[in-house]
Amino acid sequence: MTRFESAKEKYARLGVDVDAALKTLASKAISIHCWQGDDVVGFENSGEALSGGIQTTGNYPGKARTPAELMADFDKAASLIPGKKRINLHASYAVFEGKRVDRDALLPEHFAAWVRFAKERGYGIDFNPTYFSHPMVKDGLTLSSPDVKVRQFWIRHGIACRRIAAAIAKELGTPVLNNVWIPDGYKHTPADRIGPRVRLADSLDQIFAEKLDGVIDCVESKVFGIGVESYTVGSNEFYMAYAARHPGVYNLLDNGHYHPTEVVSDKIPALLAFFDKVPLHVTHPVRWDSDHVVLLDDELKEIAKEIVRCDALDKVLIGLDYFDASINRVAAWVIGTRNMEKALLMALLMPHARLKALQDAGSFTEMMMLDEECKTLPFGDIWEAYCEMQGVPADASWFDAVKEYEKDILSKRA
Ligand code: RNT
Ligand code: ZN
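As the structure is a prediction and not an experimental result, all values here were calculated from the model.

**Description of the coordination of the zinc ion (ligand 2)**
Consideration 1: Protein-derived ligands of the zinc ion (ligand 2) are E220 (OE), D254 (OD), H281 (ND1) and D321 (OD), with the metal-ligand distances lying across 2.1 to 2.2 Å.
Consideration 2: Coordination at the zinc ion (ligand 2) is octahedral, judged from the six donor atoms that bind it and the angles of 71 to 171° they form at the metal.
Consideration 3: Taken in sequence order, the residues that donate to the zinc ion (ligand 2) follow the motif E-x33-D-x26-H-x39-D. Of this pair, E220 sits in strand 6 (residues 215-220) while D254 sits in strand 8 (residues 249-254), placing them 34 residues apart in sequence. In this pair, the class of E220 matches that of D254, namely buried.

Have a look at this one:
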């Protein structure tokens, strides 16, 4: 009997169907963010530094400088990650094959290279308008600016991006999640907290006015950013209420965007009680929205468990969002995405129906016992078998491929 077979038997004894779990896992796509590969720089070559209260730290050599490099790095990472993949793009990653245009004039053709890339690999695409690192961000504000010219520029950008998302969805035959995150806020205590929010709501109404097939709209709140510590226009309450009042607009949860003792794992079932979709940005916040590489920690496991036990794998849209410039960026992609896959597999390998029944029967002793017993089942044997079935390295040997790639390719980038 192989280790896999013996592990399967142990799971079966607790009522878990391992084959079914593996089949389900293989069918769930993870949206992998393109911006881990180049520290959120993009291809505009505008000379603008990363702004908007987000920060990459570190200067590990070898970051991607061109679309070709970023795509090659992404391919290398993807070859080491099991499971179904999507690629998450930002508007600032437009590939200009001809004339350059500003963000308010972007067109689907500027993403043709990405569509080709995705099509060839069978990936879906997700999209994000880029409301930061641009001279039209005035006093740190975009869609909530008191300056109508600034607002209009960013509204045009928002509209352009939704049309791009719709065109991509049509081209690929799969919906595109279009996520609005803006950096707007103040470093100092504001004198007017409602004015910017009323302006933001109006800007969003204009952006979302057009009915577009294939686009899933969402808004992403945040508690604070670096340099904007005192006030965030797009707060949690603001966007939650906005999404609740605007059918078709969803509230994206980024687990780096809440107070440190709040957990997104508990917010997922709360939103699922009212929304048919819950988009996520999965990150690893260390004390703040630091966007470290996703680790297989307790909260990641808990997030995955909620997705699985709410029977919401088709409702929760999982995207990753981190940008670590202090380590090999390809490895960062692989580690974080493999961890998301591992957490989902762990969650799928639990007897949820039985655990729920125990809770409802008030059998809390047995529920605790069973939950704890699950933690020492031979998960590693199932994970290895899954990786083998998926044709990717099952163990730490994937890192050899990254080391070789670093030696041959990354280290030669100036
Ligand atoms: C910022 C948000 C946002 C960005 C990306 C690059 O705090 O998390 O999602 O990280 O759009
Ligand atoms: Zn995010």
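Next comes the rest of the description.
**Let's talk about the site of ligand 1**
Consideration 1: Lining the immediate environment of ligand 1, one finds W35, I54, H90, W181, E220, K222, D254, H257, H281, D289, D321 and F323.
Consideration 2: H257 is positioned with one of its side-chain polar atoms (N or O) 3.0 Å from an oxygen atom of ligand 1.
Consideration 3: Between D321 and ligand 1, the recorded distance is 2.8 Å, taken from a side-chain N or O atom to an oxygen atom.
Consideration 4: Alone, ligand 1 offers 310 Å² of accessible surface; in the complex the protein occludes 100% of this.
Consideration 5: For the shell around ligand 1, the residue count by class is four nonpolar, three polar and five charged.

**Some remarks on helix 3 (residues 67-78)**
Consideration 1: Over its 12 residues, helix 3 extends 16 Å from the first C-alpha to the last, a length consistent with the 16 Å expected when each residue adds 1.5 Å.
Consideration 2: Buried residues of helix 3: E69, L70, M71, D73, F74, A77 and A78, and no others.
Consideration 3: Tucked inside the fold, the buried residues of helix 3 contact strand 1 (29-33), strand 2 (84-90), helix 4 (112-121), helix 10 (329-348) and helix 14 (398-408).

Rules behind the numbers
- Residues numbered from 1 in each chain as written.
- Chains lettered and ligands numbered in written order.
- Predicted model: local features only at pLDDT ≥ 70, side-chain atom pairs only at ≥ 80, totals over all residues.
- Heavy atoms only, no water.
- Donors = N, O, S within 2.8 Å, 3.2 Å for Na, K, Ca; no water.
- Tetrahedral: all angles 85-135°; square planar, octahedral: opposite > 155°, others 65-115°.
- Helix = DSSP H or I, 4+ residues; strand = E, 2+ residues; numbered from the N terminus.
- Buried < 20%, exposed > 50% of the residue type's maximum accessible area, 1.4 Å probe, protein only.
- Near = heavy atom within 4 Å.
- Polar contact = N/O pair within 3.5 Å; in protein donor to acceptor, adjacent residues only side chain to side chain.
- Areas by Shrake-Rupley, 256 points an atom, 1.4 Å probe, with all protein chains shown as cover.
- Nonpolar A, V, L, I, M, F, W, Y, C, P; charged D, E, K, R; others polar.
- Expected span 1.5 Å × (residues − 1).
- Contact = heavy atoms within 4.5 Å.

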